[in-house]
Amino acid sequence: DGQYERSIGYYQAILVMQPDNPDILLELGRVYQKDGKYSEAVDAFKQAVAIDPERTDLQEELKLAEKWTSEIDETIKNLRRRIALNQSDIQNYLSLGQAFRWSGQVKESEKIYKAALQKDPDNVPLLYGYAQILEEKNDLEGAQEKYKRILELKPDFMDATLSLKR
């Protein structure tokens, strides 16, 4: 919905005026993380630590972001291997789609969801994950269509109901 992009732009504009402010870099890194842009978050935290290497809070944020980045990359590799070994296990596709989404790789996530939905078109978790991707891409009509399909299959799926009301 552009919320994170606006915040990122805001912090970047402040950095132009205050390039040596580690607190601005810290907040920018946190917004990048929330937006799934983990490598950008790591870069922001590294810059903050370079400015003030004595601050343990900056060091901790950097350490956690680096750990998350390496873990998500390893998770993606493992899930790709699992899918190669067993292409009928839909859970692996779902997990890989989520991992790509969390790492900010929306196009890759979309490809995975589409491939999985060809195998299992009425899988509610897959439909929901795909609908979220469509929303992130501002394809609200496509997302609404998926949410409606989810509710046809599972009328008590509250997240789909709430998403339709937005």
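Structure first, text after, so check above.
Residues numbered from 1 in each chain as written. Predicted model: local features only at pLDDT ≥ 70, side-chain atom pairs only at ≥ 80, totals over all residues. Heavy atoms only, no water.

Residue placement: Asn21 occurs in the loop between helix H1 (3-17) and helix H2 (22-34). Along the chain, Asn21 and Ala48 lie 27 residues apart, while their C-alpha atoms are 7.5 Å from each other. Asn21 has contacts with Leu15 and Ile51, leaving out every residue within four places of it along the chain. (Helix = DSSP H or I, 4+ residues; strand = E, 2+ residues; numbered from the N terminus. Contact = heavy atoms within 4.5 Å.)

Now for the side chain of Asn123. Residue position: Asn123 is located in the loop between helix H6 (106-119) and helix H7 (124-136). Accessibility expressed as a relative area gives 16% for Asn123, which makes it buried. At a separation of 3.2 Å, a polar atom in the side chain of Asn123 contacts the side chain of Asp120. Among the polar contacts listed, one links the side chain of Asn123 to the backbone nitrogen of Leu126, at a separation of 3.0 Å. With near-sequence residues (within four places) excluded, Asn123 lies in contact with Ile90 and Leu117. (Buried < 20%, exposed > 50% of the residue type's maximum accessible area, 1.4 Å probe, protein only. Polar contact = N/O pair within 3.5 Å; in protein donor to acceptor, adjacent residues only side chain to side chain.)

Note on soluble globular proteins: their nonpolar side chains tend to be buried together. Residues Leu96, Leu126, Tyr147, Ile150 and Phe157 are the most contacted members of the largest nonpolar core, which totals 28 residues. Put simply, the parts of the chain that give this core at least two residues each are helix H4 (56-85), helix H5 (90-102), H6, H7 and helix H8 (140-153). With eight residues, the top contributor of residues to this core is H7. In this structure, Leu96 is in contact with Ile76, Leu79, Arg80, Ile83 and Ile112, ignoring residues within four places of it in sequence. Within the second largest apolar cluster, 19 residues are counted, among which are Leu15, Leu28, Tyr32 and Leu62. (Core = buried A, V, L, I, M, F, W, Y, C linked by side-chain atoms within 4.5 Å.)

Here we take up the packing of H6 against H7. Running from N to C, H6 and H7 point in directions that differ by 145 degrees, and their axes come no closer than 10 Å. In this structure, the crossing between H6 and H7 has a hand that is left-handed. Side by side, H6 and H7 meet where Val106, Ser109, Glu110, Tyr113, Lys114, Ala116 and Leu117 of the first sit next to Leu126, Leu127, Gly129, Tyr130, Ile133, Leu134 and Glu136 of the second. Per-class residue counts for the contact of H6 with H7 are nine nonpolar, two polar and three charged. (Axes fitted to C-alpha atoms, helices over the stretch in contact; angles between N-to-C directions. Left-handed = near helix turned anticlockwise from the far one by under 90°. Nonpolar A, V, L, I, M, F, W, Y, C, P; charged D, E, K, R; others polar.)

In this structure, Asn138 takes a positive phi of about 65 degrees despite not being glycine. The residue Asn138 is located in the loop between H7 and H8 in this model.

Side chains that differ in charge, positive against negative, can pair when their charged atoms come close. Summed over all chains, the structure comprises 15 salt bridges. In this structure, Glu71 engages Lys67 in a salt bridge whose closest nitrogen and oxygen atoms are separated by 2.5 Å. Of this pair, Glu71 and Lys67 are both found in helix H4, four residues apart, which corresponds to roughly one turn of the helix. Looking at Glu71, the relative accessible area reads 34%, which means it is partly exposed. Of the charged contacts in the structure, one is a salt bridge between Glu152 and Arg149, with a shortest N-O distance of 2.7 Å. (Salt bridge = Lys/Arg side-chain N within 4 Å of Asp/Glu carboxyl O.)

Let us look at the packing of aromatic side chains. Evaluated as defined, the whole model comprises three aromatic pairs. Relative to Tyr11, the ring of Tyr10 lies with its centre 5.3 Å away and its plane at 65 degrees, an arrangement referred to as edge-to-face. Judged by centre distance (5.9 Å) and plane angle (55 degrees), the rings of Tyr128 and Tyr147 are tilted. Taken together, the positions of Tyr128 in helix H7 and Tyr147 in helix H8 put the pair 19 residues apart, joining distant regions of the chain. Here the aromatic cluster, defined as three or more aromatic residues joined through ring pairs, consists of Tyr128, Tyr147 and Phe157. (Phe/Tyr/Trp six-rings, centres within 6.5 Å; stacked < 30°, edge-to-face > 60°.)

For the pair H4 and H5, interaxial distance at closest approach is 9 Å and the crossing angle is 150 degrees. Here H4 lies roughly antiparallel to H5, going by the angle between them. Helix-helix and strand crossings are classified by hand; for H4 and H5 the assignment is left-handed. Residues Trp68, Ile72, Thr75, Ile76, Leu79, Arg80, Arg82 and Ile83 of H4 touch H5, and the partners they reach there are Asn92, Tyr93, Ser95, Leu96, Ala99, Phe100 and Trp102. In the contact of H4 with H5, the residues fall into ten nonpolar, three polar and two charged. (Parallel < 35°, antiparallel > 145°, perpendicular 65-115°, else oblique.)

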